[in-house]
Amino acid sequence: MNNLSPLEAQRAANQRSEAEEKFASARSNLLLMTVLSTINLFLLAFGSTNMLLFSATIPYWIAARSIVFDVTVLGFVLAMVLLLVYLLCWWKSEEHFGWMVAALVFFIIDTAFMAWLYVKAADVAGIMDVLIHAWVLYYLIIGIVYGRRLRTLPPAEVTPAHDACEATTGNTESYPLPDTNSPVLRRIDEDVKCRVLLDAEALGHHIVYRRVKRVNELVIDYYVYDDVEMLVESAHALNARIDGHAVEVGYDGASHSYLKVDGQTVAKKLRLW
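Residues numbered from 1 in each chain as written. Predicted model: local features only at pLDDT ≥ 70, side-chain atom pairs only at ≥ 80, totals over all residues. Heavy atoms only, no water.

Quick word on the pattern of salt bridges
Following the criterion strictly, the structure yields six salt bridges and no others. Between glutamate 21 and lysine 268 there is a salt bridge whose closest N-O contact spans 2.7 Å. Of this pair, glutamate 21 sits in helix α1 (residues 6-45) while lysine 268 sits in strand β9 (residues 264-270), and the two are 247 residues apart along the sequence. Taking relative accessible area as the criterion, lysine 268 reaches 25% and is therefore assigned partly exposed. Ionic pairing is found between arginine 186 and aspartate 227, a salt bridge with its closest N-O pair at 2.9 Å. Here arginine 186 is found in strand β1 (residues 186-187), whereas its partner aspartate 227 is found in strand β5 (residues 223-229), with 41 residues between them in sequence. Taken together, the salt bridges that share partners define one network made up of Arg186, Arg210, Glu217 and Asp227. (Salt bridge = Lys/Arg side-chain N within 4 Å of Asp/Glu carboxyl O. Helix = DSSP H or I, 4+ residues; strand = E, 2+ residues; numbered from the N terminus. Buried < 20%, exposed > 50% of the residue type's maximum accessible area, 1.4 Å probe, protein only.)

This is the structure:
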């Protein structure tokens, strides 16, 4: 983004943030469908007649028919192989969105087969199953659209986070106390162990959102400007004013840490734990 104007860079950052969020949501739906489909096989194996609708039809049908024709082991193995294909698509899609295309093709076949079963049985009670399949198809398509978009957008100007506190340690003498509207709470403890939740460059400053024991901190150029202590993390925001700009970091309560400058999201990071 170095050749872009500040406005263009901001717009590109917002577009990337939106695309990453949509793509992550599509992958989450694919994983959920695969997990629930696997649970259905376990329910079937233990003799349950109940099944979860947010799932693939073909693997379940193969397993159910194998019980009828007394080839249970073969049927369940084939069903699990099909679900492993979906799992592979989910796993590899993080590297390339083309795996979402493969998942879409498989699920289109699954949806067509499900529709054929209902038409053949003249059963109109499967409308919910149809709607849920449409939901999964929608998110797979969204994943492809935004996965392709991510490959065309400029890379985000975010410094990679490190396992411990390497993002906020080093030659601290190169960062004098900045002139700011917000008071500094304290200088960071360089020896303490912490978890970096987000790490980025913005407004010419190094901004780190980190967790030290039970305290979340907003760190700018090696100084803590805001913090909050909590045993269990919930949605929250930490704020400071730097060089006339409002800086906010926090957790959205769902799945992402974020950094906002003057109300605009400039960096976002998926949180799995």
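The rest of the description comes next.
Some details on the nonpolar core
One finds Leu30, Met33, Tyr86, Met100, Phe107 and Leu140 to be the most contacted residues of the largest nonpolar core, which totals 31 residues. Breaking this core down by element, the ones donating at least two residues are α1, α2 (57-68), α3 (72-93), α4 (98-120) and α5 (127-152). Apart from residues lying up to four places away in sequence, tyrosine 86 is in contact with Leu30, Met33, Thr34, Ala56, Ala103, Phe106, Phe107 and Asp110. Core analysis: the next-biggest nonpolar cluster, separate from the first, contains 20 residues, Ala200, Ile220, Ala240 and Ile242 among them. (Core = buried A, V, L, I, M, F, W, Y, C linked by side-chain atoms within 4.5 Å. Contact = heavy atoms within 4.5 Å.)

Examining the sheet that holds β9
Reading across the sheet, the four strands line up as β6-β7-β8-β9 and stay open at both edges, with antiparallel pairing between neighbours. Edge positions in the sheet fall to β6 (236-242) and β9, since each of these pairs with one other strand and no more. The sheet shows a mean angle of 15° between the axes of neighbouring strands, taken without regard to direction. Across seven bridges, the pairing between β6 and strand β7 (residues 245-251) is antiparallel. Within β7, the residue paired with histidine 236 across the bridge is tyrosine 251. (Pairing = 2+ DSSP bridges. Axes fitted to C-alpha atoms, helices over the stretch in contact; angles between N-to-C directions.)

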